[in-house]
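Notes for the structure review
Next come the chains, spelled out residue by residue.
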Amino acid sequence: MIRRLTLLFIIFFSTLTAFSQAGYGVYQFLELPASSRLTALGSTNISLRDNDINFAFTNPALLTKETNNVLGLNMSNYLADIRFGSAIYGRNFGDKNFFSIGVQYVDYGSFLYATETNVVSGQTFTGKDMAINLSYARPLTDKITVGATLKPINSVLEQYSSFGLAMDLGASYNDQKNFFSAGLVVRNIGSQLDGYYSDGSEQHYEPLPINVQLGMSKKFAHAPLRLSLTFHNLQHWNLNYESTNQTSTSLNSTTSSSSNSIKTVDMAFRHTIWAAEFVPSKNFYLAASYNHRRHKEMLMDGFKSMAGFSFGGGIKIYKFHVGFGWSEYTAGNDIYHFSISTALNEFRL
């Protein structure tokens, strides 16, 4: 069974490289961190099997027996007064069927209508994105769990709207004896079913932000320290901003020149996120991380910046797990993320 699954993943990943690009496509809000802990860990982590219900947003295979009847709520500010958040609830049926339902949303706020000559009419419009996450996970062995998430997506930007359908496929490996865990996931497989507009008589469809990720986490046996390394966008080597934002027709003519400006080692590190956690108990953690791609893309000449670095922590207070995450995207633009989760079983008399 394990060999067949491995072969299936290899075949599937090889087909993705033919049409997928990193950072290109619609519904980019799906790549935002879903919780404060994920923000502190560099925006994503697919390997940390720590019974955190919010990690199902990144890898459905991270659902466990302990995520049963757990509720998670998350809220964050973003750039230019944009707000985004998520909510998730886990429910298990039997010993091997782990479910969760969640929602991710982004509220872009209100905007003034203006003409091309900057004449303001006084009217306003809004923009919102939302995705529902229906996740299922099942253990194959005492160490390996597989999972899948189905994601209906709706986006409304002024008078334009779009509907899409995506899926995440993930696997998790957990060796409790050696304090080691690993994860493999393909995120956002799918398509727009209804585009924002039509090209002549046909709908205009755009690709979804497919992201192939591989991660691992290791905790020291005699120290309260855990390290994580996450590889992202493995389906596309060249993460140069110019390359990832070209159309498919112009990509071939620009990729070679743009990729030559970035050295091979630098490009390899742009696929990595490094994270460390101080975990003296199950009820407290401190986390720090470094996202090299974000650091390189968000640096500005003449400004000191912590772009690419993220920090956060969490503590259990009474029956609630409370978390906070901070990250800087550009100089003067800080992201703050707040989370709260609780096991509803603890309130039973």
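This structure is a prediction, so every number in the text was calculated from the model and none was measured.

1. Description of the pattern of salt bridges
On inspection of all chains with the given rule, the structure shows 11 salt bridges. Across the pair Glu-31 and Arg-187 runs a salt bridge, and its minimum N-O distance is 3.7 Å. Note that Glu-31 is positioned in the loop between α1 (2–16) and α2 (36–40) and Arg-187 in strand β7 (residues 180–194), a separation of 156 residues in sequence. Residue Glu-31 is classed as partly exposed on the basis of its relative accessible area, which comes to 23%. Its relative accessible area of 4% is what places Arg-187 among the buried residues. As a salt-bridge pair, Lys-128 and Asp-107 come within 3.8 Å of each other at their nearest N and O atoms.

2. Brief notes about the nonpolar core
Nonpolar side chains in soluble globular proteins tend to be buried together. Ranked by size, the top nonpolar core spans 19 residues in total, and within it Leu-41, Ile-53, Phe-55, Leu-63, Ile-88 and Ala-287 carry the most contacts. Of all the elements in the fold, those that place two or more residues in this core are α2, β12 (272–281) and β13 (284–291). Setting aside residues up to four positions removed in sequence, Leu-41 forms contacts with Leu-48, Phe-55, Ile-273, Ala-275, Glu-277, Ala-287 and Ser-289. Grouped together as the second largest cluster of nonpolar side chains are 13 residues, Leu-32, Val-106, Ala-166 and Tyr-196 included.

3. Focus: the environment of Ser-327
Mapped onto the fold, Ser-327 is located in strand β15 (residues 320–330). Sequence separation of Ser-327 and His-337 is 10 residues, and the distance between their C-alpha atoms is 8.6 Å. With residues near it in sequence (within four places) discarded, Ser-327 still touches Thr-39, Arg-294, Phe-309, Ser-310, Asn-333, Asp-334 and Ile-335. Reaching out from Ser-327, the side chain makes a polar contact with the side chain of Arg-294 at a distance of 2.9 Å.

4. Topic: the pairing of β12
In this structure, strand β11 (residues 225–231) lies alongside β12, joined through 7 bridges in antiparallel fashion. Bridging across to β12, Phe-231 finds its partner in Thr-272. What sits between the antiparallel neighbours β12 and β13 is a turn of 2 residues.

5. So, the packing of aromatic side chains
Aromatic rings in a pair are described by how distant their centres are and how their planes are angled relative to each other. Summed over all chains, the structure comprises 13 aromatic pairs. With centroids separated by 5.5 Å and ring planes inclined at 80°, the aromatic side chains of Phe-93 and Phe-99 adopt a geometry described as edge-to-face. Ring geometry for Phe-269 and Trp-274: centres 6.3 Å apart, planes at 25°, overall stacked. On the basis of relative accessible area, Trp-274 is assigned to the partly exposed category, the value being 40%. Among the aromatic side chains, those forming a connected cluster through ring pairs are Tyr-78, Phe-84 and Tyr-329.

6. Focus on a nonpolar patch on the surface
Judged by side-chain polarity, Met-75, Ile-101, Tyr-105, Met-130, Ile-132, Leu-134, Leu-150, Phe-163, Leu-165, Met-167 and Leu-193 come together as a nonpolar surface patch covering roughly 870 Å² of accessible area. At the level of secondary structure, the elements contributing two or more residues to the nonpolar patch comprise β3 (98–114), β4 (120–139) and β6 (160–175). The residue Leu-150 is located in strand β5 (residues 144–157) in this model.

7. Considerations on the confidence of the model for the protein
When pLDDT is averaged across the protein, the result is 88; 87% of the residues are at 70 or more. Contacts for the low-pLDDT stretch residues 13–20, under 50 throughout, to residues beyond four places or in other chains number 12 contacts. For the stretch residues 247–259, pLDDT sits under 50, and the model shows 15 contacts to residues farther than four places along the chain or on other chains.

Cut-offs and rules
Residues numbered from 1 in each chain as written. Predicted model: local features only at pLDDT ≥ 70, side-chain atom pairs only at ≥ 80, totals over all residues. Heavy atoms only, no water. Salt bridge = Lys/Arg side-chain N within 4 Å of Asp/Glu carboxyl O. Helix = DSSP H or I, 4+ residues; strand = E, 2+ residues; numbered from the N terminus. Buried < 20%, exposed > 50% of the residue type's maximum accessible area, 1.4 Å probe, protein only. Core = buried A, V, L, I, M, F, W, Y, C linked by side-chain atoms within 4.5 Å. Contact = heavy atoms within 4.5 Å. Polar contact = N/O pair within 3.5 Å; in protein donor to acceptor, adjacent residues only side chain to side chain. Pairing = 2+ DSSP bridges. Phe/Tyr/Trp six-rings, centres within 6.5 Å; stacked < 30°, edge-to-face > 60°. Patch = residues over 30% accessible without salt bridge, like charges linked within 9 Å, V, L, I, M, F, W, Y side chains within 5 Å. Areas by Shrake-Rupley, 256 points an atom, 1.4 Å probe, with all protein chains shown as cover. pLDDT = per-residue confidence, 0-100.

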